[in-house]
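Single-letter residue listing:
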Amino acid sequence: MRWRDLMCGEVRPEHVGRRVALAGWTARRRDHGNLVFIDLRDRAGICQLVVNPERAPEAIEVAHEVRNEFVLRAEGEVVRRAREAVNPSLPTGEVELQVDTLEIVSRCPPLPFQLDEEGVDETLRLRYRWLDLRRERMQRNLQLAATAVSAIRRRMEELGFIDVWTPSLIKGTPEGARDFLVPVRLQPGKFFALAQSPQLFKQILVIAGFDRYFQIATCFRDEDLRADRQFEFRQLDVEMAFAEREDVLDVLEQAIVAAFEALEREPPERPFPRLSWHEVTARFGSDKPDLRFGLEIQDATEVTRGSQLAVFAGAPAVRFLAAPKAFSRAELARLEELAKEWGAKGLAYLVYDEGGEVRSPIAKFLSERELAAFRADHGSTLLFAADEPALVARALGALRSHLGRELELVDESRDAFLWVTDFPLFEWDEEERRWTFSHHPFTGVAPGHEDLLEGDPGSVLSQAYDLIWNGWELGSGSIRIHRQDVQQRVFRVLGLSDEEAREKFGFLLEALQMGAPPHGGFALGLDRFLALLAGEPNIREVIAFPKVSSGSDPMTGAPSEIPEEQLAELGIRVIPPKRPRG
Ligand code: ASP
């Protein structure tokens, strides 16, 4: 016996007159007593079964018993539907199967949610993921993911990249997140880290002569979960020898275009724009700006030198946004709250009402020159922040994103890709009172900036770049350090003694001394990329089995406690948490 001759979704008028077997899930049953209609579903789509008691007296008995999500096998004849019964919205809508025999292959109790129900609680969806994944949306998303990933692989291979697998159990590679640790039974008291990325392995591979490496790599990071973050995620991981920045960006753009083409979507125009970190932070207050709308930050530091308004006069930077709306007092209070959450001390404003009249407690302190510089459209508001440049950028950047959404300034029909380049190499960690890396410690120093490493680390630029799509960071990469002496100096700025550097990264320092070519690479966060391609607001919708925000898997119940004996074997004792986590 063959289970099926055709997929349910494949039945077409050309099959009329043929006897076929179909198998699938019951999407819907309409029991008219005399006739029973069943929508039978598989991955390819839906086909309508008609069970007629006169034609199939045994099958009708079976059909009365059928409930949603029962698995059925039906044999019968493909017939054309009566003209008034044609369903133009279904690819199979011109035909149906006149059933001769019907078998219930597998049953299903009443469902915890209906498959066509909207707004089902996400934990419930994940608890019964096998049902949830049967839904059209999830079938579509996982298919889209598979198509895009396969096109990316193909393009990488066409470009001469070789897929090399690297270990997950490693000695931690710092990517700025916490490691997941794995105890080792054979060496109690010792731990592997789960790879936050294959960073050092890919560098070693190009040093080893695999001059174009790629991998769809699973990465593990112990971070708080969010819409765009899971403990484990996939990235297109790339590394190339003898590459300049533009070579790497070109490869990534090609991989992205390949995914668009495979999905028969208009690909973004190449080359994607490139803006320096310095420029994006000044203009958009963010290192991942959404360029689908303007609302750029404008500078007023010069104009406000010597201002009567003390907060302007004394501030290292005075900048503003010109929002296309005359905000009410209540709205301004809310915007000020938001600016304060992002570190601003306050939010000064000038509201121009529809008649062009200015409404503002600060207007009377401003000179003619200032007021002239701040002249704006009727029905608009200037929102000012005055403080350290970084703080001003952060607060106005947050306001810009907020207003972009709130005032519906975002042009949803556009796709805005952007490369942000020339990041600072280090960031000052206020809590730890030391320099830390902005990307990772292996990021190359901008040409000509090496001499600043020891004297002025804060002004050293790197060779790092990020890729942004509609305000989401898709990934980052860099041209790497390929000289052992420079790597060692960077470690020192990061506060690692030569001893510690040798202990942690001795293998890298040695490899860099044994014929390391110049090299660089990138990692594209696939789940974010796929979520955006699928038009989904969160990456859980393109991952088959994601964790919820508490970090658990509602389906399997992981993570779970481990029996004492098993822990003892690993030399581990659990210290009960002080407060149970709520
Ligand atoms: N290893 C980096 C990351 O995972 C990417 C790279 O520098 O290639 O973000």
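You'll find the structure just up there.
Report on the accompanying structure.

Cut-offs used in this document
- Residues take numbers from 1 onward in each chain, read along the sequence in its written order.
- Totals for whole chains, interfaces and linings use every residue, but because this is a predicted model, local features are given only for residues with pLDDT of at least 70 and side-chain atom pairs only at 80 or more, for both listing and counting.
- Each side-chain value is worked out from all heavy atoms of the structure, with water and hydrogens disregarded.
- Note on definitions. A residue lies near a molecule or strand when any single heavy atom of the residue is within 4 Å of it.
- Within 3.5 Å is the distance limit for a polar contact, defined as a pair of N or O atoms, with the added protein rule that one can donate a hydrogen and the other accept it, and that residues adjacent in sequence qualify only through two side-chain atoms.
- A 1.4 Å probe and the Shrake-Rupley method give the accessible areas. Residues count as covered only by the protein chains that appear here.
- Only DSSP runs of H or I reaching four residues or more are called helices, and only runs of E reaching two or more are called strands; each is numbered from the N terminus.
- Asp, Glu, Lys and Arg are counted as charged, while Ala, Val, Leu, Ile, Met, Phe, Trp, Tyr, Cys and Pro are counted as nonpolar; the rest, among them Gly, fall into the polar class.
- Every case where a carboxyl oxygen of Asp or Glu lies within 4 Å of a side-chain nitrogen of Lys or Arg is listed as a salt bridge.
- Buried residues are those whose accessible area, probed at 1.4 Å on protein chains only, stays under 20% of the maximum for their type, while exposed residues exceed 50% and partly exposed ones sit between those limits.
- Both cavities and pockets are sets of points on a 1 Å grid over the protein atoms alone; in a cavity a 1.4 Å probe fits but cannot get out, in a pocket the set is open with protein on both sides within 12 Å along at least five of seven lines, and lining residues sit with an atom within 4 Å of a point.
- Grid points are joined across faces, edges and corners, and a volume is the space filled by probe spheres set on the points.
- Surface patches are defined over residues having more than 30% relative accessible area and no salt bridge, joining like charges when they lie within 9 Å and nonpolar side chains (Val, Leu, Ile, Met, Phe, Trp, Tyr) when within 5 Å.
- In this analysis an axis means a line fitted to C-alpha atoms, helices contributing only their contacting stretch, and an angle means the value between N-to-C directions, from 0 to 180 degrees.
- An angle below 35 degrees is treated as roughly parallel, one above 145 as roughly antiparallel, one from 65 to 115 as roughly perpendicular, and anything else as oblique.
- In this scheme, a crossing is called left-handed if the near helix is turned counterclockwise away from the far one by less than a right angle; it is called right-handed if the turn is clockwise.
- Contacts are residue-level and defined by heavy atoms, with any inter-residue pair within 4.5 Å sufficient.
- In this analysis, strands are considered paired if DSSP registers two or more bridges between them.
- Buried Ala, Val, Leu, Ile, Met, Phe, Trp, Tyr and Cys residues that are joined via side-chain atoms within 4.5 Å together make up what is termed a nonpolar core.
- Working definition: rings of Phe, Tyr and Trp (its six-membered ring) pair if their centres are within 6.5 Å, and the pair is stacked with planes under 30 degrees apart, edge-to-face with planes over 60 apart, and tilted otherwise.
- Working rule: Lys NZ or Arg CZ, within 6 Å of ring centre, within 35 degrees of ring normal, means a charge sits over the ring.

The environment of the ligand is made up of 13 residues, and the closest members are Glu175, Gln199, Lys202, His440 and Arg480. Here a nitrogen atom of the ligand and a side-chain polar atom of glutamine 199 are 2.6 Å apart. At 2.7 Å from an oxygen atom of the ligand is found a side-chain nitrogen or oxygen belonging to lysine 202. A total of 270 Å² of accessible area belongs to the ligand in isolation, and the protein chains cover 93% of it. Breaking the shell around the ligand down by element, the ones donating at least two residues are helix H5 (199-207), strand E22 (472-479) and strand E23 (519-525). Considered class by class, the residues forming the shell around the ligand number 2 nonpolar, 7 polar and 4 charged.

Applying the stated criterion across every chain, the model contains 49 salt bridges. Between aspartate 132 and arginine 125 there is a salt bridge, with its nearest N and O atoms 2.9 Å apart. Judged by its relative accessible area of 0%, aspartate 132 falls in the buried class. The buried category is assigned to arginine 125, whose relative accessible area is 6%. Between glutamate 279 and arginine 283 there is a salt bridge, with its nearest N and O atoms 2.6 Å apart.

Empty space among the atoms becomes visible once a probe the size of a water molecule is rolled across them. In this structure, the second largest pocket spans a volume of roughly 860 Å³. Lining the second largest pocket are 29 residues; nearest its centre among them are Arg41, Leu115, Arg134, Arg135 and Glu136. Of all elements in the fold, only strand E1 (19-31), strand E2 (36-42), strand E3 (45-51) and helix H4 (136-158) reach the threshold of two or more residues within the lining of the second largest pocket. For the lining of the second largest pocket, the element with the most residues is H4, which contributes 4 residues. Each residue belonging to the lining of the second largest pocket can be placed in one class, and the counts come to 8 nonpolar, 5 polar and 16 charged.

On the surface, Met1, Trp3 and Val105 cluster together into a nonpolar patch covering about 350 Å² of accessible area. Structurally, valine 105 is set in strand E5 (residues 95-106).

A few words now on the packing of H5 against helix H13 (residues 498-513). The N-to-C vectors of H5 and H13 enclose an angle of 25 degrees; their axes lie 11 Å apart at closest approach. Considering the angle they form, H5 stands roughly parallel to H13. Seen along the crossing, H5 lies across H13 with a hand that is left-handed. Here Leu200, Gln203, Ile204 and Ile207 of H5 lie close against H13, whose contacting residues are Phe505, Phe507, Leu508, Ala511 and Leu512. The residue inventory of the contact of H5 with H13, partitioned by class, reads 8 nonpolar, 1 polar and no charged.

This paragraph deals with the sheet that holds strand E21 (residues 464-469). The strand order across the open sheet formed by 8 strands is E6-E10-E11-E23-E22-E21-E18-E12, and the pairing between neighbours is mixed. Whereas interior strands pair on both sides, the edge strands pair on one side only; in this sheet they are strand E6 (162-163) and strand E12 (274-276). Examined bridge by bridge, E6 and strand E10 (residues 212-220) share 2 bridges and lie parallel to one another. Bridging from a neighbouring strand, isoleucine 162 pairs with tyrosine 213 of E10. Contacting E12 and strand E18 (417-421), helix H7 (residues 277-284) crosses the sheet at an angle of about 85 degrees to E12.

So, about the sheet that holds strand E8 (residues 181-183). As summarised here, the arrangement of the 3 strands in space is E7-E9-E8, forming an open sheet in which the pairing is antiparallel. A single partner strand is all that each edge strand has here, and the edge strands are strand E7 (169-170) and E8. In this sheet, strand E9 (residues 191-194) lies alongside E7 in antiparallel orientation, the contact comprising 2 bridges. From the neighbouring strand, isoleucine 170 faces E9, where its bridge partner is alanine 193.

So, about the nonpolar core. Met156, Leu236, Leu252, Leu467, Leu524, Phe529 and Leu533 are the most contacted members of the largest nonpolar core, which has 43 residues in total. Discounting chain neighbours no more than four positions away, the residues touching leucine 236 are Ile152, Met156, Phe214, Gln215, Ile216, Leu252, Ala255, Phe522, Ala523, Leu524 and Leu526. Counting residues in each nonpolar core, the second largest holds 31 residues, with Val20, Ala56, Leu72 and Ile104 among its members.

With respect to burial, strand E11 (residues 232-241) is a largely interior element, 8 of its 10 residues being buried. Pairing of E10 with E11, which is carried by 9 bridges, proceeds in the antiparallel orientation. Paired with phenylalanine 214 across the two strands is valine 238, which belongs to E11. Strand direction decides the pairing type here: E11 and E23, joined by 7 bridges, are antiparallel.

Bridge analysis of E1 against strand E4 (residues 71-80) gives 7 bridges, and the strand direction is antiparallel. Pairing of tryptophan 25 across the sheet is with valine 71, part of E4. When E1 meets E2, the two strands line up antiparallel, connected through 6 bridges. Looking at E2, one finds that threonine 26 is bridged to leucine 40. Hairpin connection of E1 to E2: 4 residues between the antiparallel strands, including glycine 33 at a positive phi of 80 degrees.

Evaluated as defined, the whole model comprises 20 aromatic pairs. When the centroid spacing of 5.5 Å and the interplanar angle of 75 degrees are considered together, the rings of phenylalanine 320 and phenylalanine 374 count as edge-to-face. Of the two residues, phenylalanine 320 sits in strand E14 (residues 317-323) while phenylalanine 374 sits in the loop between helix H10 (368-373) and strand E17 (380-387), which places them 54 residues apart along the sequence. Here the two residues phenylalanine 320 and phenylalanine 374 agree in accessibility, since each one is buried. Ring centres 6.3 Å apart and planes at 85 degrees place the aromatic pair phenylalanine 442 and phenylalanine 491 in the edge-to-face group. Taken together, the positions of phenylalanine 442 in the loop between strand E20 (434-437) and E21 and phenylalanine 491 in helix H12 (residues 484-493) put the pair 49 residues apart, joining distant regions of the chain. The pair phenylalanine 442 / phenylalanine 491 is uniform in exposure class, with both members buried. One aromatic cluster is present, formed by Phe260, Phe272, Phe417, Trp419, Tyr465, Trp469, Phe522 and Phe529 through successive ring pairs. Above the ring of tyrosine 128, the side-chain terminus of arginine 127 is found at 4.5 Å from the ring centroid.

Purely geometric numbers; function is a separate question.
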